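# Coordinates in review
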Amino acid sequence: MKFFNNYLSVKSSLRSKLKGLSILSLFLFLPLITLGQDVDFSFYNTSLSIDERAELLVSQMTTDEKIKQLVNAAPAIPRLGVPAYDWWNEALHGVARNGKATIFPQSIALAATFDDDLAQRVADAISTEALAKYHISQSVGNTSKYAGLTFWTPNVNIFRDPRWGRGQETYGEDPYLTSRMGVAFVKGLQGDDPNYLKTAACAKHFAVHSGPESLRHEFDATPSQKDLYETYLPAFEALVREAKVEGVMGAYNAVYGKPSTASSFLLQTILKEEWGFDGYVTSDCGAIYSISEKFHYADSPAEGAAAALKAGTDLNCGKTYLQLSAALAQNLVTEEVIHQHTVQLFKTRFRLGMFDGDKPHVYSSMSPEKIHCDDHIALAREVAQKSIVLLKNENNILPLSKDIKVPYVTGPFANSVDMLMGSYYGISPNMVTILEGIADAVPLGTSLNYRSGALPFHDNINSKNWAPFVSGESDVTICVVGITADMEGEEVDAIASQDTGDRVELSLPKNQIHYVKELAKHKKGPLVLVVASGSPVTLEEIEEHCDAILHIWYPGEQGGNAVADVLFGKVSPSGKLPITFPKNVDQLPAFEDYSMKGRTYKYMEEEPQYPFGFGLSYSQFTYEDLTLSKSKMKQKEELEITVKVKNTGDQLSDDVAQLYLVPVDVSLEEVPKYLLKRFKRFSLSPDETTSLSFKLTSDDLKLFDKEGKKIWSKGKYKIIVANALPSARSLALGAVLPVTEEIELK
């Protein structure tokens, strides 16, 4: 009788859920209603553990049904009440590829804010919209790709080489910054309920993945153990251990001779045994197929599927796992292994509340009014404002006066919507271009003029062009140049790239360089260069011709308003570079080389164009009175650090204090030149002073040896606090004078 009552309750719940579904959906669920007596529905009992509920459900599936649940487009199982579900969804900087949503600035722009609290707020807004969209999709029977709650975000690969087209998806070149931004983003996506996930985040691409795009299906990354544990793994570990990320996506490439999705070293030894991961592992799309067809690591798709499953990949984005039937027949895999991985996948679906019937939980509803709401639009503008990096401001040309009479806006991306979006984007009805933002910011009496002047990526077709001469009639010329996700991005999406999405050269397209030079030759007033890209752009040929330079990344739907806010002084720029900008490509090691030697601010020997962490302000700051709680330190002790900062300028402004550890005299070889250990964004009014405090544990002060082990390396170190990398180049460009104290590790 107890089971029958439970069945009637579930049956009633299902009938209620089916009211708004399509005829096709009703047809699919009909067998459940008529044959329910053959099914144990106790997996709906929320008092049971997730493990028990998943086991109860999956144990009633046939082997064929289980295999079909191991691909991203998992079909319905009507007799068990299991609806169709597609695991593939994206939310890199807003709900992507699924209709109307707020488009936030690209991930690299979010990293430029150096604000992990802001990152969590952004992800929380994204998951709110995602949840609302999911419930709407469910009500109309839409279970297609991009309509679910499992988001393959964030990308915490290290942007080790600025030529990588997908670097825009990351949080830059530093493992610590990437870890903090990634942890915050995962927490925002997954929520803080102890029993349910708001949405399921996924750390990708595991591991040692950052181009070249053209080789990603065949490349074997073989970093040193030091580089593996010091650079490539820390962000993934932080997301697993600290943020409890629900998913991990394997990379396309191989690591130490084995495709990542078939690597028991990565997926078993490190991920599950060392880090205690209990979520699901998915392949990147088509990666399982590549095991046999690209890497030739297996002799057939069936053998490749078996290798990936046994190594620890639960889900196949693609269809190769359907070959597990053949693998089973050939004794390449067992039914028990198939069962275990199916259970693992359903644990995630249970955590998302997908099998609770009508029992409400904290995330079982979300108002549609939250989708692209005013609060989220304002948040997108705030992120864009805080991400903009002021690289040059000669004679304090910026901010511009709103009373300027004849401003001129020009450049191939001044009125571009595509430039705002970056890769993996949603769709917004409220895109604000740079031209539109400026037009809305200046008074009606201003004679604002606009000409594009140059095509995005190649010479103008018509040799006649009046646009450069307009700069000679204007009080200020604002030229918007750069690239878009058509030029840099994933191999299948960057349709304007001649290098499969990557950038062989880091300079602007030649026609844009020529146009900037023409503007400089004819200009009457100052020339303000606004550069859009998701990666470093070298400005060797044109920097000297520009009076001010802003780097705006791919700033999202409110990019135009945010740029205008900065240009006209509504807010002071406060973004910092999350990646080193080299002077030219000749300063870089070979793209295919995964050694960190000569790479990033930690190991680069040559002077860059713009250092990591650099970014100017309209105000001025002083850093002073750096105090350490001790000058000598032993293991298991903590170090407390305080510093006073003052806004000595005349404008309210944010700044980012950056704390670096600098080895001075240690016995360990191949140590980094600098190590970012903490950062803190703060806001000060003119003449306001505040005290910032930081705490470092002894583990924070350990270094990695050649075997990849963190060790306590005795010797002398510097603790430096500044608002940019504490290098001579930063000082020459206008960063604050760093404050330094020495500490000895005993």
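As shown above, the structure is provided for reference.
On a predicted model such as this, the values are computed, not experimentally measured, just so you know. (Residues numbered from 1 in each chain as written. Predicted model: local features only at pLDDT ≥ 70, side-chain atom pairs only at ≥ 80, totals over all residues. Heavy atoms only, no water.)

### Considerations on the overall build of the protein chain
- Helix and strand content of the protein chain: 22 helices and 24 strands.
- Here the protein chain holds 746 residues, and the buried ones make up 61% of them.
- Of the contacts formed within the protein chain by residues at least 6 apart in sequence, a portion of 78% connects residues at least 24 apart.
- When the accessible area of the protein chain is evaluated, it comes to approximately 27,600 Å², of which 49% is carbon and sulfur surface.
- Put simply, the protein chain has 75 plus and 94 minus side-chain charges, and the middle of one group is 3 Å from the middle of the other. (Helix = DSSP H or I, 4+ residues; strand = E, 2+ residues; numbered from the N terminus. Buried < 20%, exposed > 50% of the residue type's maximum accessible area, 1.4 Å probe, protein only. Contact = heavy atoms within 4.5 Å. Areas by Shrake-Rupley, 256 points an atom, 1.4 Å probe, with all protein chains shown as cover. Lys, Arg positive; Asp, Glu negative; His and termini not counted. Charge placed at Lys NZ, Arg CZ, Asp CG, Glu CD.)

### Here we look at the sheet that holds strand β14 (residues 548-551)
- Read across the sheet, 6 strands follow the order β9-β14-β13-β12-β10-β11 without closing on themselves; strand pairing throughout is mixed. A strand with exactly one partner marks an edge of an open sheet, and here the two such strands are β9 (389-393) and β11 (449-451). When strand polarity is set aside, the average angle formed by the axes of neighbouring strands in this sheet is 15°. (Pairing = 2+ DSSP bridges. Axes fitted to C-alpha atoms, helices over the stretch in contact; angles between N-to-C directions.)

### Details of the sheet that holds strand β7 (residues 258-259)
- The strand order across the open sheet built from 3 strands is β4-β6-β7, with neighbouring strands paired in mixed fashion. The strands lining the two open edges of the sheet, one partner per strand, are β4 (220-221) and β7.

### Brief notes about the environment of isoleucine 711
- Assignment of secondary structure puts isoleucine 711 in strand β22 (residues 710-711).
- The exposure class of isoleucine 711 is partly exposed, given its relative accessible area of 27%.
- Apart from the residues lying within four places of it in its own chain, the contact partners of isoleucine 711 are Leu668, Lys702, Leu703 and Asp705.

### Things to note about helix α20 (residues 559-567)
- α20 sits mainly inside the fold: 9 of its 9 residues count as buried.
- Where the residues of α20 are buried, they touch α15 (374-387), α16 (418-421), α17 (434-441), β12 (476-482), β13 (527-532) and β14.
- After α20 finishes, the residue glycine 569 shows a positive phi value of roughly 80°.

### A few points about the state of the cysteines
- Scanning all chains against the criterion turns up 1 disulfide.
- The residue that forms a disulfide with cysteine 285 is cysteine 317, at a sulfur-sulfur distance of 2.1 Å. Handedness of the cysteine 285-cysteine 317 disulfide follows from its S-S torsion of about 75°: it is right-handed. Of this pair, cysteine 285 sits in the loop between β8 (280-282) and α11 (287-293) while cysteine 317 sits in the loop between α12 (301-311) and α13 (324-329), and the two are 32 residues apart along the sequence.
- Unpaired in this structure, cysteine 202 has its nearest cysteine sulfur neighbour in cysteine 285, at a distance of 10 Å.
- This cysteine, cysteine 479, is not joined by any disulfide, and cysteine 546 carries the nearest cysteine sulfur, 7.9 Å off. (Disulfide = S-S within 2.5 Å.)

### Observations concerning the packing of helix α7 (residues 175-190) against helix α9 (residues 234-241)
- Relative orientation of the contacting elements α7 and α9 amounts to 30°, with a least axis distance of 8 Å. Regarding the angle of α7 to α9, the classification is roughly parallel. Both α7 and α9 take part in a crossing whose hand is right-handed. Along the contact surface, α7 presents Pro175, Thr178, Ser179, Gly182, Val183 and Val186, while α9 presents Pro234, Ala235, Ala238 and Leu239.
- Among the residues making up the contact of α7 with α9, the classes are represented as 7 nonpolar, 3 polar and no charged. (Parallel < 35°, antiparallel > 145°, perpendicular 65-115°, else oblique. Left-handed = near helix turned anticlockwise from the far one by under 90°. Nonpolar A, V, L, I, M, F, W, Y, C, P; charged D, E, K, R; others polar.)

### Looking at unusual backbone geometry
- For the peptide bond that leads from threonine 153 to proline 154, omega is 10°, which places it in the cis range.
- Looking at where proline 154 falls in the secondary structure, it is placed in the loop between α6 (116-139) and α7.
- Here leucine 398 and proline 399 are connected by a cis peptide whose omega angle stands at 5°.
- Note on placement: proline 399 falls in the loop between β9 and β10 (407-410).
- Phi angles above zero are rare outside glycine, and histidine 296 is one such case at about 55°.
- Within the secondary structure, histidine 296 is located in the loop between α11 and α12.
- Owing to a relative accessible area of 59%, histidine 296 belongs among the exposed residues under this scheme.
- We note that glutamate 670 has phi near 55°; this positive angle belongs to a residue other than glycine.
- Note on placement: glutamate 670 falls in the loop between β18 (653-666) and β19 (675-684).

### Let's talk about the nonpolar core
- In terms of nonpolar packing, the biggest core is built from 71 residues, with Leu398, Ile438, Ile478, Leu529, Leu550, Ile552 and Leu567 touching the most fellow members.
- With 6 residues, the top contributor of residues to this core is β13.
- Residues contacting leucine 398, with those up to four places away along its chain left out, are Leu390, Asn393, Val528, Ala548, Leu550, Leu567 and Tyr618.
- Counting residues in hydrophobic clusters, the runner-up holds 68 residues, among them Phe185, Phe236, Ile720 and Leu725. (Core = buried A, V, L, I, M, F, W, Y, C linked by side-chain atoms within 4.5 Å.)

### Focus on the pairing of β12
- For β12, the buried fraction is high: 7 of the 7 residues fall into the buried class.
- Covered by surrounding structure in β12 are Val476, Ile478, Val480 and Gly482 together with Thr477, Cys479 and Val481, the residues of both alternating faces.
- One ladder, built from 6 bridges, connects β12 with β13; its direction is parallel. Note on β13: the bridge partner recorded for glycine 482 is alanine 532.
- Tracing the backbone out of β12, into helix α19 (residues 510-522) and back to the parallel element β13 gives a crossover that is right-handed. (Right-handed = clockwise from strand over helix to strand, strands pointing away.)

### Details of the pattern of salt bridges
- The full count for this structure, using the stated rule, is 42 salt bridges.
- A salt bridge links aspartate 565 to arginine 381, with the nearest nitrogen and oxygen atoms 2.9 Å apart. Taken as a pair, aspartate 565 in helix α20 and arginine 381 in helix α15 lie far apart in primary sequence, 184 residues in all.
- Take aspartate 565: its relative accessible area is 5%, and that puts it in the buried class.
- When the shortest N-O distance is used, the salt bridge between lysine 695 and glutamate 638 registers 3.8 Å. (Salt bridge = Lys/Arg side-chain N within 4 Å of Asp/Glu carboxyl O.)

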